[in-house]
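Spelled out from the first residue to the last, the chains are:
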Amino acid sequence: LTGLLGIISFLAQGQVRGPMSARKLEDPVLSHSDPATGLPVGPRTKPAAAGATDAQASEAVLALVLKSVDDDKAEDIVQIDLRGRSDVADYMVICSGRSSRQVASISEKLADRLKQEMRISVRMEGKDAGDWVLIDAGDVIVHVFRPEVREFYQLEKMWLPVGSGAGVTRTAQS
C-alpha cells in the first residue's frame, strides 16, 4: 500500500526522472491521446478534395448523400443546415425507408458510395436492427428511419425553432 501511495504521489507531482527530468508530465485531464498508439489526438478531421474549402467539401458530401438516398428510394428526405448551430456537423439529413430491410440497404449503399467516391469511411450505428440507422460522415450526419420510429422521435422538431421551417429543406420525391 505504501508503494502504491508513493507512485500516486509521484504521478501527482508530474515529475519524471532520468533523461526527461526537466519536463513535467502532461495533465491527464487536459491531454488527449489514443490509448492504442499513445499519439495525441486532435479535433475531427474534415475530408476535403485537393484545394477545396471546408464548406465546399461538406457541400460535396451533402450532395452525394442526398443523391444516394434519393436513388435508393428513401422517403420524406429532409436536409437541416447546422452551420453556426452545432460543432458536430454542418448538415443533418433525415429520411425514411419503408421497411427494416430498406433502411439497412439505404444505409449500406450510402456508406459504400461515400467510401468509393469520396474516400470517406463512415461510422454507422443501428444497421442490424434496421429501425434507425445513424451514419456519421464527418460534416454530414444521416439518420435513416422506419416511418413509425421517425414519427416517435421527431428529430426534425429538436433542430428547429417552434413553428419555423428555417434551416430545413425537404427534397422532392422523384
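Residues numbered from 1 in each chain as written. Predicted model: local features only at pLDDT ≥ 70, side-chain atom pairs only at ≥ 80, totals over all residues. Heavy atoms only, no water.

Phi at Asp 76 is positive, roughly 50 degrees, even though this residue is not glycine. Looking at where Asp 76 falls in the secondary structure, it is placed in strand E1 (residues 75-81). (Helix = DSSP H or I, 4+ residues; strand = E, 2+ residues; numbered from the N terminus.)

Attention now goes to the packing of aromatic side chains. Under the criterion given, the structure shown has three aromatic pairs. Aromatic side chains Phe 152 and Tyr 153 sit 5.0 Å apart centroid to centroid with 90 degrees between the ring planes, which places their arrangement in the edge-to-face category. Clustering of aromatic rings is evident, with ring pairs tying together Trp 132, Phe 145, Phe 152 and Tyr 153. (Phe/Tyr/Trp six-rings, centres within 6.5 Å; stacked < 30°, edge-to-face > 60°.)

Right, let's talk about the side chain of His 143 for a bit. With respect to the helices and strands, the residue His 143 is situated in strand E5 (residues 140-145). Accessibility expressed as a relative area gives 8% for His 143, which makes it buried. A polar contact of 3.0 Å, which involves the side chain of His 143, links it to the side chain of Trp 132. (Buried < 20%, exposed > 50% of the residue type's maximum accessible area, 1.4 Å probe, protein only. Polar contact = N/O pair within 3.5 Å; in protein donor to acceptor, adjacent residues only side chain to side chain.)

Following both chains from N to C, one finds helix H2 (residues 54-71) and helix H3 (residues 100-118) inclined at 140 degrees, their axes separated by 10 Å at the closest point. Our classification of the angle between H2 and H3 gives oblique. Crossing geometry of H2 relative to H3 is assigned as right-handed. For the pair formed by H2 and H3, the contact residues are Ala 60, Val 61, Leu 64, Val 65, Ser 68 and Val 69 on the first element and Ile 106, Lys 109, Leu 110, Arg 113, Leu 114, Glu 117 and Met 118 on the second. (Axes fitted to C-alpha atoms, helices over the stretch in contact; angles between N-to-C directions. Parallel < 35°, antiparallel > 145°, perpendicular 65-115°, else oblique. Left-handed = near helix turned anticlockwise from the far one by under 90°. Contact = heavy atoms within 4.5 Å.)

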